[in-house]
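One-letter residues, chain by chain:
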Amino acid sequence: MTQSRTLSIGCGMAAMLLMALLLPGLGLAMAQESGPVQGPGPVELLEERRDTVAAMVEQDPDLLHDKKRLREIAYEYLLPHVDFMTLSRWVMGKHWRSATPKQRQAFANEFRDLLLNNYLRSVTEYRDQTLEFVPLRDLGDKTKVVVHGVVEQPGGPDLHVNFRMHRNSGQWQIYDIVAEGVSLATTNRSMFSQKIRSIGIEGVIAELQSRNAAAWEKESQAEQAEATVQQAGKSD
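Residues numbered from 1 in each chain as written. Predicted model: local features only at pLDDT ≥ 70, side-chain atom pairs only at ≥ 80, totals over all residues. Heavy atoms only, no water.

## Here's the deal with the overall build of the protein
Line of reasoning, step 1. Each helix and strand counted, the protein has 7 helices and 5 strands in total.
Line of reasoning, step 2. Split into buried and exposed, the 236 residues of the protein put 44% on the buried side.
Line of reasoning, step 3. Sequence-distant contacts, at least 24 apart, represent 68% of the contacts inside the protein between residues at least 6 apart.
Line of reasoning, step 4. When the accessible surface of the protein is split by element, carbon and sulfur atoms take 50% of a total near 12,200 Å². (Helix = DSSP H or I, 4+ residues; strand = E, 2+ residues; numbered from the N terminus. Buried < 20%, exposed > 50% of the residue type's maximum accessible area, 1.4 Å probe, protein only. Contact = heavy atoms within 4.5 Å. Areas by Shrake-Rupley, 256 points an atom, 1.4 Å probe, with all protein chains shown as cover.)

## Quick word on unusual backbone geometry
Line of reasoning, step 1. In this model, Ser169 sits at a positive phi of 55°, which is unusual for a non-glycine residue.
Line of reasoning, step 2. Considering the arrangement of structural elements, one finds Ser169 in the loop between strand S3 (159–168) and strand S4 (171–179).
Line of reasoning, step 3. Phi is positive for Glu180, which is not a glycine, with a value near 50°.

## A closer look at the sheet that holds strand S1 (residues 130–133)
Line of reasoning, step 1. In spatial order, the strands read S1-S2-S3-S4-S5; together these 5 strands make up an open sheet with antiparallel pairing. Both edges of this open sheet fall to S1 and strand S5 (182–183), since each of them pairs with a single strand only.
Line of reasoning, step 2. Note that S1 and strand S2 (residues 144–152) share 4 bridges and pair antiparallel. Within the sheet, the bridge partner assigned to Thr130 lies in S2 and is Glu152. (Pairing = 2+ DSSP bridges.)

## Some words on helix H4 (residues 84–92)
Line of reasoning, step 1. The element H4 is extensively covered by neighbouring structure, given that 7 of its 9 residues are classed as buried.
Line of reasoning, step 2. Between a side-chain oxygen at the N-terminus of H4 and the backbone nitrogen of Met85 the separation is 3.3 Å; the capping residue is Asp83.
Line of reasoning, step 3. Phi turns positive, to about 60°, at Gly93, one or two residues after H4. (Polar contact = N/O pair within 3.5 Å; in protein donor to acceptor, adjacent residues only side chain to side chain.)

## Comments concerning the nonpolar core
Line of reasoning, step 1. Counting residues in hydrophobic clusters, the biggest one holds 30 residues, and the most contacted among them are Leu87, Val91, Met92, Phe107, Phe111, Leu115 and Phe192.
Line of reasoning, step 2. Listed by contribution, the elements that provide at least two residues to this core are helix H3 (67–78), H4, helix H6 (101–121) and helix H7 (184–235).
Line of reasoning, step 3. If you look at the next biggest cluster of nonpolar residues, it comprises 16 residues, including Leu45, Val145, Phe163 and Met165. (Core = buried A, V, L, I, M, F, W, Y, C linked by side-chain atoms within 4.5 Å.)

## Focus: the pairing of S4
Line of reasoning, step 1. Counted residue by residue, S4 has 9 buried out of 9 residues, so it is predominantly covered.
Line of reasoning, step 2. Here 8 bridges tie S3 to S4, and the two strands are oriented antiparallel to one another. For Phe163, the partnering residue across the bridge sits in S4 and is Ile177.
Line of reasoning, step 3. Here S3 hands over to S4 after 2 residues, with Ser169 in that stretch at a positive phi of 55°.
Line of reasoning, step 4. Bridge analysis of S4 against S5 gives 2 bridges, and the strand direction is antiparallel. Counted as the bridge partner of Ala179 is Val182 from S5.
Line of reasoning, step 5. Counted between consecutive antiparallel strands, the loop separating S4 from S5 contains 2 residues, among which Glu180 sits at a positive phi close to 50°.

## Side note on the environment of Thr143
Line of reasoning, step 1. Relative to the elements of secondary structure, Thr143 occurs in the loop between S1 and S2.
Line of reasoning, step 2. For Thr143, a relative accessible area of 26% gives the class partly exposed.
Line of reasoning, step 3. Taking C-alpha positions, Thr143 is 9.9 Å from Gln171, a pair spaced 28 residues apart along the chain.

## Overview of a negative patch on the surface
Line of reasoning, step 1. Together, Glu72, Glu76, Glu223 and Glu226 make up a negatively charged patch on the protein surface.
Line of reasoning, step 2. Secondary structure elements with two or more residues in the negative patch: H3 and H7.
Line of reasoning, step 3. With respect to the helices and strands, Glu76 occurs in helix H3. (Patch = residues over 30% accessible without salt bridge, like charges linked within 9 Å, V, L, I, M, F, W, Y side chains within 5 Å. Salt bridge = Lys/Arg side-chain N within 4 Å of Asp/Glu carboxyl O. Lys, Arg positive; Asp, Glu negative; His and termini not counted. Charge placed at Lys NZ, Arg CZ, Asp CG, Glu CD.)

## Looking at the confidence of the model for the protein
Line of reasoning, step 1. Residue-level pLDDT values for the protein average 78, and 78% of them are 70 or greater.
Line of reasoning, step 2. Within the protein, helix H5 (residues 95–98) carries the highest mean pLDDT (96), whereas helix H1 (residues 3–18) carries the lowest (48).
Line of reasoning, step 3. Counting interchain partners and residues more than four positions distant, the pLDDT-below-50 stretch residues 3–10 has 22 contacts.
Line of reasoning, step 4. Contacts for the low-pLDDT stretch residues 16–36, under 50 throughout, to residues beyond four places or in other chains number 78 contacts. (pLDDT = per-residue confidence, 0-100.)

## A few points about the packing of H4 against H6
Line of reasoning, step 1. One can describe the packing of H4 onto H6 by two numbers: an axis separation of 9 Å at closest approach and a directional angle of 95°. Looking at the two axes, H4 sits roughly perpendicular to H6. Facing Phe84, Met85, Leu87, Ser88, Val91 and Met92 of H4, the residues of H6 in contact are Arg104, Gln105, Phe107, Ala108, Phe111, Arg112 and Leu115.
Line of reasoning, step 2. Tallied by class, residues from the contact of H4 with H6 come to 9 nonpolar, 2 polar and 2 charged. (Axes fitted to C-alpha atoms, helices over the stretch in contact; angles between N-to-C directions. Parallel < 35°, antiparallel > 145°, perpendicular 65-115°, else oblique. Nonpolar A, V, L, I, M, F, W, Y, C, P; charged D, E, K, R; others polar.)

Here it is as structure tokens:
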């Protein structure tokens, strides 16, 4: 299995899991604080949301085919529980230091939307897979942990996925996902580092904005086409 396919499966499963993160979030805050933990621990949080997403899909299987609803759920409930500022800092590497605060925020926003657009296109591929977590031995007062997960694939080998999480303002957030040793942050760092050297930070942000806008336009056109078909069916 190629690295890109491995990362796609691992992060796709993670996207499915995270679609059920239904707790109020913290947005794109970057500061990490070690205040008292609010809510469940990292493993408990992931297990609870895994069960929630399974129940959501079982109740309404068509949800997986409705990108608009999935996107709304993601923006309201999922994305605040992923620390995209920390993830973006890892992805940009040394270029993070030379970026302005405005550029950092813009990159984080567009990178977030790029990942979401990519995973929404293939979310139905992961419906028959299951995800189990290994309990942490000793959480104590740790502010960073790695939660080990195992993706069970029908007719295929198990896939090991690690969720790198830290405590941010009293809440646990994911800042990287590693599937079979392939890191989401590291993989994207290699790609974006070359692009930033070639067209600069502003050029990369503009390119991401263009790609995301194209994805939204395509999604909108598909929705309009489906609505037209449904309306035509009612008229017959």
